[in-house]
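# A closer look at the structure
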Amino acid sequence: MLFRSDTPPPVLVGCVTSLNYLTQLSFLAQGGSPSVNPQPQVVVGLQDGAVEYCNSEGWTQLQAEGWDTYINSMAVNWVPGGNPQVMVGLGDSSVQYYDGFSWNQLQGTGWSSNARQLAVNWAVSGTPQVVVGLTSGAVEYYNGSGWQQLQGTGWSTYVNCLAATWNVAGNLEVVVGRSVEHTSELQSHSDLVCRLLL
């Protein structure tokens, strides 16, 4: 658990014991005095596809069970004084974005592979940029308005971990972990370079 044993927050203790199929969790610890911010904020993704958000006012359901698949990956942008922004990759390969008010589908089920890993650039205006690693081994990039494939399925192994950074010029750099022995680096979405790092 992420808390000191002498001050467990009751809201999380109740949450963890009642959610049997928790697949993703994002947590924001509050700073300052306990009288000002007595509880952390939490977003959880569940196996039934529901997304729940908890703050000092209690639990809010951001998404009901309507996706009919599980939350495979999740990224959260904590917005001061408002609802968080949430990006989820689902078991049916779709990618959904919650802008703090409503859900938007960025990708349907056309990839036919689980959206296993996500990296999100929240620092852009409008819809965030997203890099998605799939269980097919493919890596897809959403630039805020459309998708581009960075890596096809030629690796024949799933994307185990993924990290992405956007430099000052806006160029994308991606590092992909495919298995215990293999890591690949993708640089610049316009001039794709792939390097195997052993």
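The structure we're discussing is the one just above.
Nothing here was measured: the structure is a model prediction, and the numbers come from that model.

### What to know about the nonpolar core
In terms of nonpolar packing, the biggest core is built from 15 residues, with Met87, Val95, Leu106, Val130 and Val132 touching the most fellow members. Those elements giving two or more residues to this core turn out to be strand 7 (95-98), strand 9 (115-121) and strand 10 (129-134). Those residues in contact with Val95, other than ones at most four positions away along the chain, are Met87, Val88, Asn104, Gln105, Leu106, Gln107, Trp111, Ala115, Val132 and Trp147. In this structure, Val51, Trp67, Val76 and Trp103 belong to the second largest nonpolar core, which totals 14 residues.

### Description of the pairing of strand 6 (residues 85-90)
The element strand 6 is largely enclosed, with a buried count of six among its six residues. In strand 6, alternate side chains face the same way, and those of Gln85, Met87 and Gly89 on one face and Val86, Val88 and Leu90 on the other are all buried. Sheet topology note: the strand 5 (residues 71-77)/strand 6 ladder contains six bridges and is antiparallel. Opposite Val76, over in strand 6, you have Val86 as the bridge partner.

### Details of the sheet that holds strand 8 (residues 103-107)
With antiparallel pairing, the four strands of this open sheet are ordered in space as 5-6-7-8. With one partner strand each, in any of the chains shown, strand 5 and strand 8 form the two edges of the open sheet. Pairs of neighbouring strands in the sheet enclose a mean axial angle of 20 degrees, with direction left out of account.

### Section: the packing of aromatic side chains
Counted under the stated rule, the structure contains five aromatic pairs. On the basis of an interplanar angle of 40 degrees and a centroid distance of 6.3 Å, the ring pair of Tyr97 and Trp122 is categorised as tilted. Of this pair, Tyr97 sits in strand 7 while Trp122 sits in the loop between strand 9 and strand 10, placing them 25 residues apart in sequence. Accessibility assignment for this pair places Tyr97 and Trp122 in one class, buried. Judged by centre distance (5.0 Å) and plane angle (50 degrees), the rings of Tyr142 and Trp147 are tilted. Linked through ring pairs, Trp111, Tyr142 and Trp147 together constitute an aromatic cluster.

What counts as what
- Chains are numbered independently. Their residues run from 1 in the order of the written sequence.
- Residue-level local features of this predicted model are given only where pLDDT is at least 70; pairs of side-chain atoms are given and counted only at 80 or more, and the full residue set underlies all totals for whole chains, interfaces and linings.
- Computation of side-chain values: all heavy atoms of the structure, hydrogens and water removed.
- Among buried residues, the Ala, Val, Leu, Ile, Met, Phe, Trp, Tyr and Cys ones that are joined through side-chain atoms within 4.5 Å form a nonpolar core.
- Classification of residues uses two cut-offs on accessible area relative to the type maximum, computed with a 1.4 Å probe and protein chains only: under 20% is buried, over 50% is exposed, and between them is partly exposed.
- Helix numbers and strand numbers start at the N terminus; a helix is a DSSP run of H or I with at least 4 residues, a strand a run of E with at least 2.
- Two residues form a contact once any of their heavy atoms are found within 4.5 Å.
- Two strands pair if DSSP finds at least two bridges between them.
- The convention used is that axes are lines fitted to C-alpha atoms, helices contributing only their stretch in contact, and that angles between N-to-C directions extend from 0 to 180 degrees.
- Here a Phe, Tyr or Trp ring, Trp counted by its six-membered ring, pairs with any other such ring whose centre lies within 6.5 Å, and the pair is stacked when the planes are under 30 degrees apart, edge-to-face when over 60, and tilted otherwise.

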